[in-house]
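Listed here are the chains, written in short residue letters.
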Amino acid sequence: MKTKRNLFSVSAFGLYSHGLMSLITNRIFSLHGNIVDVEESSRRGLFSMFLVVDLSTSTYGSSDMLKALDAIQSMFDLGIRTEKYVAGRRKAKKRLMVL
């Protein structure tokens, strides 16, 4: 049975701090969110992260997630952005090159 997904993208960037990724993912978990895709990097003291979060099984909404992440943003001086995630296909005229 296919359920309708309620997907949001969450991206963050800033200076690396110990346990940052864990703190962010635990906040999403506490809202009963499911992380369906993740990309994280921390190099030379810089941190960046991209998540796709599914809130379809959660009783919390995107505003609750935003509120929870705002607290982390203030604590660590991060730039965090959330928006509705819309999966799409590549544009037909784009080409993929393998180097």
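Here, the structure is the one placed above.
Residue numbers here run from 1 along each chain, matching the order of that chain's written sequence. Selection of residues for local features in this predicted model requires a pLDDT of at least 70, selection of side-chain atom pairs for listing and counting requires 80 or more, and totals for whole chains, interfaces and linings are taken over all residues. Side-chain metrics in this entry use all non-hydrogen atoms of the structure; hydrogen atoms and water are not considered.

1. Some remarks on the sheet that holds strand 4 (residues 79–84)
Phase 1: Strand order in the open sheet formed by four strands is 2-3-1-4, and the pairing between neighbours is antiparallel. Two strands in the sheet have a free side with no partner beyond their single neighbour: strand 2 (34–43) and strand 4. Averaged over all pairs of adjacent strands, the angle between their axes in this sheet comes to 10°, without regard to strand direction.
Phase 2: Any two strands are treated as partners once DSSP identifies two or more bridges connecting them. Comment: elements are numbered from the N terminus, with helices defined as DSSP H or I runs of at least four residues and strands as E runs of at least two. Across nine bridges, the pairing between strand 1 (residues 7–15) and strand 3 (residues 46–54) is antiparallel. In the sheet register, Phe13 faces strand 3, and the bridge partner there is Ser48.
Phase 3: Of the strands in this sheet, strand 1, strand 2 and strand 3 touch helix 1 (residues 20–30), which is tilted by about 20° from strand 3.
Phase 4: Set on the sheet, helix 2 (residues 62–76) makes contact with strand 1, strand 3 and strand 4; between it and strand 4 the angle comes to about 170°. Here the axes come from fitting lines to C-alpha atoms, over the contacting stretch only for helices, and the angles between their N-to-C directions go from 0 to 180 degrees. We call two residues in contact when some of their heavy atoms are within 4.5 Å.

2. Remarks on the packing of helix 1 against helix 2
Phase 1: Running from N to C, helix 1 and helix 2 cross one another at 160°; their axes reach a closest spacing of 9 Å. In terms of their interaxial angle, helix 1 and helix 2 are classed as roughly antiparallel. Two packed elements cross with a definite hand, and for helix 1 against helix 2 that hand is right-handed. Contacts from Leu20, Leu23, Ile24 and Arg27 of helix 1 reach helix 2 at Ala68, Leu69, Ala71, Ile72, Met75 and Phe76.
Phase 2: Following the grouping adopted for this structure description, the nonpolar residues are Ala, Val, Leu, Ile, Met, Phe, Trp, Tyr, Cys and Pro, the charged ones are Asp, Glu, Lys and Arg, and the polar ones are all others, Gly among them. Classifying every residue of the contact of helix 1 with helix 2 by side-chain character gives nine nonpolar, no polar and one charged. In what follows, roughly perpendicular refers to angles from 65 to 115 degrees, roughly parallel to angles under 35, roughly antiparallel to angles over 145, and oblique to any angle outside these ranges. Handedness of a crossing is defined here by the sense of rotation of the near helix relative to the far one, left-handed for an anticlockwise turn of less than a right angle and right-handed for a clockwise turn.

3. Details of the nonpolar core
Phase 1: Ranked by size, the top nonpolar core spans 18 residues in total, and within it Val10, Ile24 and Met65 carry the most contacts.
Phase 2: Secondary structure elements with two or more residues in this core: strand 1, helix 1, strand 3 and helix 2.
Phase 3: Non-local contacts of Met65, meaning those with residues more than four positions away in its chain, are made with Phe8, Val10, Leu31, Val53, Leu55 and Thr82. Definition of nonpolar core: a set of buried residues of the types Ala, Val, Leu, Ile, Met, Phe, Trp, Tyr and Cys, connected through side-chain atoms within 4.5 Å. The buried label goes to any residue with under 20% of its type's maximum accessible area, the exposed label to any with over 50%, and the partly exposed label to all in between, with areas taken from a 1.4 Å probe on protein chains only.

4. Remarks on the environment of Lys84
Phase 1: Among the secondary structure elements, Lys84 is positioned in strand 4.
Phase 2: Residue Lys84 is classed as partly exposed on the basis of its relative accessible area, which comes to 46%.
Phase 3: Residues Lys84 and Ser9, spaced 75 residues apart in sequence, show a C-alpha to C-alpha distance of 6.2 Å.
Phase 4: Not counting residues up to four positions away in its chain, the partners in contact with Lys84 are Asn6, Leu7 and Phe8.

5. Concerning the pattern of salt bridges
Phase 1: We define a salt bridge as a contact between a side-chain nitrogen of Lys or Arg and a carboxyl oxygen of Asp or Glu at a distance within 4 Å. Under the counting rule described, the total for this entry stands at two salt bridges.
Phase 2: Where Asp54 meets Arg5, a salt bridge forms, and the shortest distance between an N and an O atom there is 3.6 Å. Residue Asp54 is found in strand 3, and its partner Arg5 is found in the segment before strand 1; the two are separated by 49 residues along the sequence.
Phase 3: Taking relative accessible area as the criterion, Asp54 reaches 7% and is therefore assigned buried.
Phase 4: With relative accessibility at 47%, the residue Arg5 sits in the partly exposed group.
Phase 5: In this structure, Arg81 engages Glu83 in a salt bridge whose closest nitrogen and oxygen atoms are separated by 2.7 Å.

Read these as layout, nothing more, since geometry by itself doesn't imply function.
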